[in-house]
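Residue strings, one per chain:
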Amino acid sequence: QVQLVESEGGLVQPGGSLRLSCAASGSIFSINNMGWYRQVPGKERELVARITSGGSINYADSVKGRFTISRDNAKNTVYLQMNSLKPEDTAVYYCTVRLAIGTRYWGQGTQVTVSS
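Sequence order as written defines the numbering, with residues in each chain counted from 1. Two thresholds apply to this predicted model, a pLDDT of at least 70 for residue-level local features and 80 or more for giving and counting side-chain atom pairs, whereas whole-chain, interface and lining totals are computed over all residues. Excluding hydrogens and water, the side-chain figures rest on all heavy atoms present in the structure.

Visitor: Honestly, the overall build of the protein in this entry has me stumped. Any pointers?
Guide: Along the backbone of the protein there are zero helices and eleven strands. Helix and strand assignments come from DSSP, with helices taken as H or I runs of at least 4 residues and strands as E runs of at least 2, each series counted from the N terminus. The order of α-helices and β-strands along the protein, N terminus first, is β-β-β-β-β-β-β-β-β-β-β. For the protein, the C-alpha radius of gyration of 14 Å lies close to 13 Å, the compact-globule estimate for 116 residues. Taken over the C-alpha atoms alone, the protein extends approximately 45 × 25 × 25 Å along its principal axes. Sorting the 116 residues of the protein into buried and exposed places 40% on the buried side. Contacts are assigned to residue pairs with any non-hydrogen atoms lying within 4.5 Å of each other. Taking the intrachain contacts of the protein between residues at least 6 apart in sequence as the baseline, contacts between residues at least 24 apart amount to 54%. For the protein, the accessible area works out to roughly 6100 Å², and carbon and sulfur atoms hold 46% of it. Only C-alpha atoms enter the radius of gyration, while the globule expectation follows 2.2 Å times N to the 0.38, with N the number of residues. Three labels apply to residues, based on accessible area from a 1.4 Å probe with only protein chains included: buried if under 20% of the type maximum, exposed if over 50%, partly exposed otherwise in between. Only the protein chains shown count as cover for residues, and the accessible areas themselves come from Shrake-Rupley with a 1.4 Å probe.

Encoded structure:
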């Protein structure tokens, strides 16, 4: 089993910044991809950003230039730095990891609300 513990989200004003973190622990032998998804009520969960074990990164078009994903392999932790936040970034954010054997795990989700 793998446990993912996300940092708390919160309420942020438009234009503000927030940093999320997600630490993996448990039966970790090799983590390939780490990433963040988000979901709003009534919509499917969507990819925000993903980083591979080799450092390749993908971003959703809607967050390019504003969000930065990074990872600390020694700590099995992935981060999401979110800048210039917009109301449409409001969602529950989920971290995810995919092990080398293919198994995917999800965090519990953390609410990010962007509002004045």
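Past the structure itself, the notes keep going.
Visitor: Sorry if this is basic, but what is going on with the sheet that holds strand β3 (residues 18–26) here?
Guide: Strand pairing in a sheet relies on backbone hydrogen bonds, with the paired strands running either antiparallel or parallel. Strand pairing is assigned whenever DSSP identifies at least 2 bridges connecting the two strands. Overall, antiparallel pairing links the four strands, which are arranged β1-β3-β8-β7 in an open sheet. Edge positions in the sheet fall to β1 (2–6) and β7 (67–72), since each of these pairs with one other strand and no more. The sheet shows a mean angle of 15° between the axes of neighbouring strands, direction not considered. Here five bridges tie β1 to β3, and the two strands are oriented antiparallel to one another. Its bridge partner lying in β3, Val-2 is registered against Gly-26. In this description, a line fitted to the C-alpha atoms serves as the axis of each element, helices being fitted only across the stretch in contact, and the angle between N-to-C directions of two axes falls anywhere from 0 to 180 degrees.

Visitor: It is not clear to me how the packing of aromatic side chains should be interpreted in this structure. Could you clarify?
Guide: Ring pairs (aromatic) are described by centroid distance and by the angle formed between their planes. Geometry of aromatic contacts follows a simple scheme: Phe, Tyr and Trp rings, the Trp one being its six-membered ring, pair when their centres are within 6.5 Å, and the pair is stacked under 30 degrees between planes, edge-to-face over 60, tilted otherwise. In total, this model carries one aromatic pair according to the counting rule given. Measuring from ring centre to ring centre gives 5.1 Å for Tyr-37 and Trp-106, while their planes differ by 75°; the resulting arrangement is edge-to-face. Placement of Tyr-37 in strand β4 (residues 31–39) and of Trp-106 in strand β10 (residues 104–106) is noted, with a sequence separation of 69 residues between them. Look at Tyr-37 and you get buried, because its relative accessible area is 15%. A relative accessible area of 35% means that Trp-106 is categorised as partly exposed. Consider the ring centre and the ring normal. A charge sits over the ring if Lys NZ or Arg CZ is within 6 Å of that centre and within 35 degrees of that normal. When the ring centre of Tyr-94 is taken as origin, the NZ or CZ atom of Arg-45, which lies over that ring, is 3.7 Å away.

Visitor: Would you mind showing me how to read the pairing of β7 here?
Guide: Successive residues of a regular strand alternate their side chains across the two faces of the sheet. Residues Phe-67, Ile-69 and Arg-71 line the buried face of β7, whereas the alternating positions Thr-68, Ser-70 and Asp-72 sit on a face that is not buried. The sheet contact formed by β7 and strand β8 (residues 77–82) spans six bridges and is antiparallel. Each residue of the ladder has a partner; that of Thr-68, found in β8, is Gln-81. The turn joining β7 and β8, which pair antiparallel and follow one another in sequence, is formed by four residues; a positive phi near 50° is taken by Asn-76.

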